[in-house]
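Architecture and fold: a report
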Amino acid sequence: MTSPPSPILPGATIGFLGGGQLGRMTAFAARSMGYDIHVLDPEASCATRPVASRTITAPFNDVAAAIELASQCDVVTLEIEQIHPDVLDAVASRTALRPGRDPVYIIQDRIRQKQWLKAQGFPLGNFVAAQQASDVADAVRSFGPCIAKSTHGGYDGRGQVRLSEPEQGDGAWSALGSRECLVEQKVDIHYELSVLVARSPSGAVAVYPPSRNHHTSGVLTWAVVPAVISDDMTSRAQTLARNVAERIGIVGLLAVECFVTTGGELLVNELAPRPHNTYHHSERGLATSQFEQLVRAICDLPLGSTELFAPSAIANLLGDVWLQDTAPDMSYALQVPGSRVHLYGKAGARAGRKMGHLSAVGDTAQDALGRVLDCYRRLSPGTIASFDVHEPVLSHISS
């Protein structure tokens, strides 16, 4: 009989595969709880470096470097899923790897992920795995407008091609590297949701309230909680996300991104086995931030409450904000009541690069979203023309 897992208590060392902003924010939470931090990342100046006591600079397929990290850590987690399977195996053979290899292996390949979700009976839009350019064209011929996606990486709208005619198949295939890709039927989206689930080695589960999200050109523009949707849809989304997390066996966090169609269908879009951009507002309005929750989950501590304390919203800050004729006006922006600025310590702003986010709390979801978008407008009026930062009316959605 296998003995139950033992908690990994403060004073222990947590290792991170990946040192981007998600690692940085989780490391801050872990530090405040008394843990030491080591990190492996290809960039010597990665965002997590100032928070870690040790940084190993190596690519995500460097088994020797991964073994070095694992040998000094009581548990290793990740903040990016594109880690070579051999590295995951090497870490898991030497220390606790949370999430485990199998969930990450499923999720890190978009075709593998979709096929797993379909085999498990979870609701999806139509898709095909294209092995050649003619498969892409055939998908558009069968489904109508589609989106072709690379199987790995390609976050924030990159690695995607939109198609409306079969004749565009050759171009899309070439643009994605002339290799296997995922082709999805474009769905009529009413609105977008995500649900974050935490799960510990002991099997404890905590499910967050759904987040209502808005993307521009494939990049998250804003997210707000509560989602201002019906109780029925809230329950459906939380149940779906919990079932996915338990079926895939995640230990740590799983973000389940969903579409709600104009016909009222709830469809899974993508999974992420880590903290998620759409839950950065959890630091402001929820009892336990996603970053603290990840630490609790991987260390098998009691999971924190996911109770909503205050409506909260975030707006992403891309490198474009720093590429305007005038510098961002932090003093003016932060005059908005309830607002905060969160910067990731990245050197070198460039268009489309996530450099930070703004957050705000308010009396209602509409109030919180209005404040964070007001803060954004004050910070960088020069980007308004190129980014969709209008303030929507968050009227209650019944479906």
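Before going into details, it helps to say that this report is about the structure given with it. What you are looking at is a predicted structure, and each value in this text was computed from that prediction instead of being measured. (Residues numbered from 1 in each chain as written. Predicted model: local features only at pLDDT ≥ 70, side-chain atom pairs only at ≥ 80, totals over all residues. Heavy atoms only, no water.)

What about the overall build of the chain?
- Counting secondary structure elements, the chain contains 12 helices and 18 strands.
- Over its C-alpha trace the chain gives a radius of gyration of 21 Å, about what one expects of a compact globule, namely 21 Å for 399 residues.
- Its C-alpha atoms give the chain principal-axis dimensions of about 55 × 50 × 45 Å.
- Relative to all contacts within the chain whose residues are 6 or more apart in sequence, the contacts with residues 24 or more apart total 63%.
- Of the roughly 15800 Å² of accessible surface on the chain, a fraction of 48% belongs to carbon and sulfur atoms.
- Taken together, the 33 basic and 40 acidic charged side chains of the chain have centroids lying 3 Å from each other. (Helix = DSSP H or I, 4+ residues; strand = E, 2+ residues; numbered from the N terminus. Rg over C-alpha atoms; globule rule 2.2 N^0.38 Å. Contact = heavy atoms within 4.5 Å. Areas by Shrake-Rupley, 256 points an atom, 1.4 Å probe, with all protein chains shown as cover. Lys, Arg positive; Asp, Glu negative; His and termini not counted. Charge placed at Lys NZ, Arg CZ, Asp CG, Glu CD.)

Quick word on the environment of Ala 204
- With respect to the helices and strands, Ala 204 occurs in the loop between β10 (189-199) and β11 (205-207).
- For Ala 204, a relative accessible area of 36% puts it in the partly exposed group.
- For the pair formed by Ala 204 and Pro 302, sequence separation is 98 residues and the distance between their alpha carbons is 8.0 Å.
- With residues up to four places along the chain from it excluded, the contact list for Ala 204 reads Ala 198, Arg 199 and Leu 303. (Buried < 20%, exposed > 50% of the residue type's maximum accessible area, 1.4 Å probe, protein only.)

Concerning the sheet that holds strand β1 (residues 13-17)
- Spatially, the five strands line up as an open sheet ordered β3-β2-β1-β4-β5, and their pairing is parallel. With one partner strand each, in any of the chains shown, β3 (54-57) and β5 (96-97) form the two edges of the open sheet.
- By the bridge criterion, two bridges tie strand β4 (residues 75-78) to β5 in an arrangement that is parallel. Bridge pairing in β5 places Val 75 opposite Ala 96.
- Contacting β1, β2 (36-41), β3 and β4, helix α2 (residues 63-71) crosses the sheet at an angle of about 175° to β2. (Pairing = 2+ DSSP bridges. Axes fitted to C-alpha atoms, helices over the stretch in contact; angles between N-to-C directions.)

Concerning the packing of aromatic side chains
- Using the criterion set out here, one finds two aromatic pairs in the structure.
- Centre to centre, the rings of Tyr 208 and Tyr 279 are 5.8 Å apart; their planes meet at 65°, and the pair counts as edge-to-face. Here Tyr 279 lies in the loop between β15 (266-272) and α9 (282-285) and Tyr 208 lies in the loop between β11 and β12 (211-216), a separation of 71 residues in the sequence. Both residues of the pair, Tyr 208 and Tyr 279, belong to the buried class.
- The ring of Tyr 332 has Arg 378 lying over it, and the distance from NZ or CZ to the ring centre is 4.6 Å. (Phe/Tyr/Trp six-rings, centres within 6.5 Å; stacked < 30°, edge-to-face > 60°. Lys NZ or Arg CZ within 6 Å of the ring centre and 35° of its normal.)

Here we look at the packing of α2 against helix α3 (residues 85-92)
- Following both chains from N to C, one finds α2 and α3 inclined at 30°, their axes separated by 9 Å at the closest point. Taken as axis vectors, α2 and α3 run roughly parallel relative to one another. Seen along the crossing, α2 lies across α3 with a hand that is right-handed. Contact residues: α2 offers Val 63, Ala 66, Ile 67 and Ala 70, while α3 offers Asp 86, Val 87, Ala 90 and Val 91.
- Of the residues belonging to the contact of α2 with α3, the class tally is seven nonpolar, no polar and one charged. (Parallel < 35°, antiparallel > 145°, perpendicular 65-115°, else oblique. Left-handed = near helix turned anticlockwise from the far one by under 90°. Nonpolar A, V, L, I, M, F, W, Y, C, P; charged D, E, K, R; others polar.)

Interpretation in functional terms is not warranted from these geometric data alone.
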